[in-house]
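# Reading the structure
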Amino acid sequence: MRIPAFIRRLTACIALCATCLTTAAQSGQLAAMRNTVADSYNFWLYAPREYVAERRRIPLIIFLHGASLCGNNMQKVRRYGLLHAIEKGRYYPAMVVAPQNPGGAWNPKKIAGILDWVTQHHDVDTTRVYVIGMSLGGYGTLDFAGTYPDRVAAAMALCGGSTLRDFEGLGRIPLWILHGTADRAVPVSQSKTVVESIKKSGNDRLLRYDWLKGASHGDLARILYLKQTYDWLFSHSLNDNPRETDKDITISLPDLKTAYEDLSPEETRFDMVKEIKPR
């Protein structure tokens, strides 16, 4: 029986919020993982308070940054995106992996290597692994999700594109592509090419896309701070049968202007640690 999207979303929110009730006073943890996975990237690993307090199984979000954060200084990865959103007060009960790309295109195999390591060492829900990225990270998101569709519950690509030649994999996952029409760094045509390629494959049932009129490259970064971004991701699971894409949650240009208004830093405080160790 097909469960309506709003019921699946409500159930997911109730399950995730319930984990917060007994751990409100606990802090999360953030660790810089250097030279942890052979032939891969250094990465930040964040664990929310409920995982630290009780090691409850939680979803995992992979965040892939844009070209401006490439390099070997891991602090750059905290300048914008999911880690910065957490620091500013956007709360979501999920473990976050934020690798740093030293330069060049994102390598799906290296990202998969980090995912393997995290799932082997931490109790994450492997049916609820999500990937989101912007700009160069938008390319990385589509390339990774299209290469490993059986490992991704849902993906969101912001102002990116793809280097894939075969788009069959992207047609197998709930996918939301967003791009601003006034983007001068990565033209919206890059995302439109991906959309048209998925459509031509005849496998676009799970595809969703929006072109935000007048939005610039920088405007799209605000999506990483919106509550509905994570509500949308969390509404999907590999266990969904059939797989569906939530089309009830919307993101519009006016939403971007209020992205920072409901942030609560007290809710997302964390301790810097050498490695994530639940208490």
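Preceding this paragraph is the structure being described.
What counts as what
- Residues numbered from 1 in each chain as written.
- Predicted model: local features only at pLDDT ≥ 70, side-chain atom pairs only at ≥ 80, totals over all residues.
- Heavy atoms only, no water.
- Buried < 20%, exposed > 50% of the residue type's maximum accessible area, 1.4 Å probe, protein only.
- Helix = DSSP H or I, 4+ residues; strand = E, 2+ residues; numbered from the N terminus.
- Contact = heavy atoms within 4.5 Å.
- Axes fitted to C-alpha atoms, helices over the stretch in contact; angles between N-to-C directions.
- Parallel < 35°, antiparallel > 145°, perpendicular 65-115°, else oblique.
- Nonpolar A, V, L, I, M, F, W, Y, C, P; charged D, E, K, R; others polar.
- 1 Å grid on protein atoms, 1.4 Å probe; cavity = no way out; pocket = protein on both sides within 12 Å on 5 of 7 lines; lining within 4 Å.
- Points joined across faces, edges and corners; volume = space filled by probe spheres on them.
- Pairing = 2+ DSSP bridges.
- Polar contact = N/O pair within 3.5 Å; in protein donor to acceptor, adjacent residues only side chain to side chain.
- Phe/Tyr/Trp six-rings, centres within 6.5 Å; stacked < 30°, edge-to-face > 60°.
- Lys NZ or Arg CZ within 6 Å of the ring centre and 35° of its normal.

## Looking at helix H8 (residues 227–234)
By the criterion of burial, H8 is predominantly enclosed, with seven of the eight residues buried. Among the residues making up H8, those that are buried are Gln228, Thr229, Tyr230, Asp231, Trp232, Leu233 and Phe234.

## Topic: the environment of Tyr230
Note on placement: Tyr230 falls in helix H8. Sequence separation between Tyr230 and Pro187 is 43 residues; the distance between their C-alpha atoms is 25 Å. Not counting residues within four places of it along the chain, the set of residues in contact with Tyr230 comprises Ile61, Leu82, Arg90, Tyr92, Leu224 and Tyr225.

## Remarks on the packing of helix H4 (residues 108–121) against helix H5 (residues 136–147)
Running from amino to carboxyl end, H4 crosses H5 at an angle of 70°, the nearest separation of the two axes being 9 Å. When the axis of H4 is compared with that of H5, the two are roughly perpendicular. Together, Pro108, Ile111, Ala112 and Leu115 of H4 and Asp143, Phe144 and Thr147 of H5 make up the contact between the two elements. Residue composition of the contact of H4 with H5, by class: five nonpolar, one polar and one charged.

## Quick notes on empty space enclosed by the protein
Throughout the structure, instances matching the rule amount to one cavity of 30 Å³ or more. When its volume is computed, the largest cavity comes out at roughly 30 Å³. Taken together, Leu30, Tyr46, Arg78, Leu83, Ile86, Glu87 and Phe270 make up the full set of residues lining the largest cavity. It is helix H3 (residues 82–88) that provides the largest number of residues to the lining of the largest cavity, a total of three residues. Residue composition of the lining of the largest cavity, grouped by class: five nonpolar, no polar and two charged.

## Let's talk about unusual backbone geometry
Going from Asn241 to Pro242, the amide bond is cis rather than trans, its omega being 5°. Positive phi, normally seen in glycine, also occurs at Cys159, with a value near 40°. Mapped onto the elements, Cys159 comes out in the loop between strand E6 (154–158) and strand E7 (175–180).

## Remarks on the pairing of strand E1 (residues 28–33)
Of all six residues that make up E1, five are buried, and the element is covered over most of its length. With four bridges connecting them, E1 and strand E9 (residues 270–273) associate as parallel partners. For Gly28, the partnering residue across the bridge sits in E9 and is Phe270. Summarising the sheet, E1 and strand E2 (residues 42–47) pair through five bridges and their orientation is antiparallel. Across the sheet, Met33 pairs through a bridge with Phe43, a residue of E2.

## Here we look at the environment of Tyr91
Looking at where Tyr91 falls in the secondary structure, it is placed in the loop between H3 and strand E4 (95–100). The spacing of Tyr91 and Asp166 is 75 residues in sequence and 36 Å in space, taken between C-alpha atoms. A polar contact of 2.6 Å, which involves the side chain of Tyr91, links it to the side chain of Glu50.

## Some thoughts on the sheet that holds strand E5 (residues 124–134)
Read across the sheet, nine strands follow the order E8-E7-E6-E5-E3-E4-E2-E1-E9 without closing on themselves; strand pairing throughout is mixed. The strands lining the two open edges of the sheet, one partner per strand, are strand E8 (207–212) and E9. Ignoring which end each strand starts from, the neighbouring axes of this sheet average 15° apart. Two strands pair when backbone bridges link them, and strand E3 (residues 58–64) and E4 are joined in this way by three bridges, in the parallel orientation. The residue bridging Ile62 from the neighbouring strand is Val97, located in E4. Running at roughly 155° to E8, helix H6 (residues 188–200) makes contact with E7 and E8 of the sheet.

## What about the packing of aromatic side chains?
Tallying each qualifying case throughout the model produces 10 aromatic pairs. Pairing Tyr46 with Phe270 gives two aromatic rings, centres 6.4 Å apart and planes at 80°, and the pair type is edge-to-face. Of the two residues, Tyr46 is situated in strand E2 and Phe270 in strand E9; the sequence distance between them amounts to 224 residues. On the accessibility criterion, Phe270 (19% relative accessible area) is buried. Their ring planes at 80° and their centres at 6.4 Å tell us that Phe63 and Tyr80 sit as a pair that is edge-to-face. Highlighted residues: Phe63 in strand E3 and Tyr80 in the loop between E3 and H3, separated in sequence by 17 residues. In this structure Phe63 comes out as buried when scored by relative accessible area, which is 0%. In this structure Tyr80 comes out as buried when scored by relative accessible area, which is 17%. The ring of Trp44 has Arg78 sitting right over it, with the charged end atom 5.4 Å from the ring centre. Against the face of Trp176 rests Arg208, its NZ or CZ located 3.7 Å from the ring centre.

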